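# Residue-level structure breakdown
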Amino acid sequence: MKKLQTLLFLFCALVGLHTFAQLAPSNSLTMYVGTYTEGGNSKGIYTYSFDQQQGTSALRGSTAAANPSFIALAPNGKHLYAVSEYNDGRQGAYSFEVNQDKLLTQPIFQPTQAGADPCHIIADSKYAITANYTGGDISVFLLDAVGKLQTEIQYIAFEGRTPERVAHIHCMIPTPDEKYVLATDLGNDRIYRFRYNQEAPQGAEVLTDQQVVYQVSDGQGPRHLTFSKDGRFAYLINELGGECVVLSYHKGKMKEVQRLMADEGQGGGSADIHISPDGRFLYTSHRLKKDGISIFAIDPKRGTLKKVGYQLTGIHPRNFAITPNGKYVLVACRDDNKIQVFQRNATTGTLTDTSQSISVDKPTCIIFTEIIDN
């Protein structure tokens, strides 16, 4: 009887360990890196494993693509989308299937009809949308039932609001309520709002009811946007003026709450913006002078910012990403041909270089997949 009890205890213990192993999060992430392939040695998009507890990485593969400077995953993680940033007729977008090993296969390329230098892409289960910088326009691509990229079905061009202005659309972002899509226009100092008709019948426009939802101060050059975890506030980084703007958001309307300087070097090259997973800190990247990351504490009630630090980085920190557990900030230093790995202090928000940089030619965009099994 005692022997039977011992066997039952061991069996239950093994079942418990197996269940815990299934429920406990893995520390191994899949990381995709977009790059510039022109003027360097990059092959396209690189796939790494990244340990979000140790801050270590390992290259798993590369996938050929031309100037995939910005990349995005489908919500279900089964496809990856990338721009092909050119302005000479080669511009367009890619879709790749993500296989069971998290590697990219089955590339499909679709050209933009007119949009030059696509520099940002978003996607859901039905459409992929690119912001085309030099073209000053937006391209909407249809996706098939499994997520493969189909032809461009809508094209929206913008004019300068004065004869001296030239439109430069820099990013697209859906609103938290999923009713609208916002677009930043660096050339016209505007944020546009479009109603997003995800269930639009065949042949109908997907983005409609274009409005200027926020007029940015002249010369600031709005670049990228991100929303707070509760969706009540949007945070804008202005590339040329270096300011960070806090905007309240409610039912498609935006109102300025705060403006403060983020770029300490006044280089006119502010780039990316992200909020830590715990929602407590906001980070912005800055290039051309005093390259680095500005660090802000977020007031959880008012959404306002207080600057708490500035971390120097490698040359040209075009893009950065924060690991899902919030422990590391990875910075794509394009002109240093590396991704710097910083450890993040969860209490103060400050960053410390781990000296575990990842060598990759002209990195421009970093994204993580869902946690995968070891």
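Residues numbered from 1 in each chain as written. Predicted model: local features only at pLDDT ≥ 70, side-chain atom pairs only at ≥ 80, totals over all residues. Heavy atoms only, no water.

Per an unreviewed UniProt entry, the protein chain carries the name Lactonase family protein and comes from Capnocytophaga gingivalis. Per UniProt, the protein chain carries the Sequence similarities (unreviewed entry) text "Belongs to the cycloisomerase 2 family." (UniProt positions renumbered as here; feature names shortened; annotations may be inferred.)

Here we take up the side chain of T323. In this fold, T323 is placed in the loop between β24 (317-322) and β25 (328-333). Separated by 2.8 Å, the side chains of T323 and N325 make a polar contact. Reaching out from T323, the side chain makes a polar contact with the backbone nitrogen of K327 at a distance of 3.3 Å. (Helix = DSSP H or I, 4+ residues; strand = E, 2+ residues; numbered from the N terminus. Polar contact = N/O pair within 3.5 Å; in protein donor to acceptor, adjacent residues only side chain to side chain.)

One open sheet accounts for four strands, arranged β4-β5-β6-β7; its pairing is antiparallel. Looking along the sheet, the strands with just one partner apiece sit at the ends: β4 (71-73) and β7 (104-111). Each strand of the sheet is rotated relative to its neighbour by a mean of 20°, with strand direction disregarded. Pairing geometry for strand β5 (residues 79-84) and strand β6 (residues 92-98), over six bridges, is antiparallel. Among the inter-strand pairings, L80 is bridged to a residue of β6, identified as F96. (Pairing = 2+ DSSP bridges. Axes fitted to C-alpha atoms, helices over the stretch in contact; angles between N-to-C directions.)

Our focus in this paragraph is the packing of aromatic side chains. In the structure shown here, the tally under the stated rule is eight aromatic pairs. For the ring pair Y127 and Y196, a centre distance of 6.4 Å and an interplane angle of 75° mean the geometry is edge-to-face. Of the two residues, Y127 is situated in strand β9 (residues 127-132) and Y196 in strand β14 (residues 190-196); the sequence distance between them amounts to 69 residues. Given a relative accessible area of 14%, Y196 falls into the buried group. Measuring from centroid to centroid gives 6.2 Å for F158 and F194, while their planes differ by 75°, and the two rings are edge-to-face. Residue F158 is found in the loop between β11 (149-157) and β12 (169-174), and its partner F194 is found in strand β14; the two are separated by 36 residues along the sequence. The pair F158 / F194 is uniform in exposure class, with both members buried. (Phe/Tyr/Trp six-rings, centres within 6.5 Å; stacked < 30°, edge-to-face > 60°. Buried < 20%, exposed > 50% of the residue type's maximum accessible area, 1.4 Å probe, protein only.)

Along the chain, P174 falls in strand β12. Separated by 166 residues in the primary sequence, P174 and Q340 have C-alpha atoms spaced 29 Å apart. Excluding residues within four positions of it along the chain, P174 makes contact with I122, Y180, V181 and F227. (Contact = heavy atoms within 4.5 Å.)

Within the element layout of this structure, R287 appears in the loop between β21 (281-286) and β22 (292-298). Polar contacts involving the side chain of R287 include one to the side chain of H316, which spans 3.0 Å. Beyond its immediate chain neighbours, meaning those up to four positions away, R287 contacts R223, E239, G267, G269, S270, A271, H316, P317 and R318.

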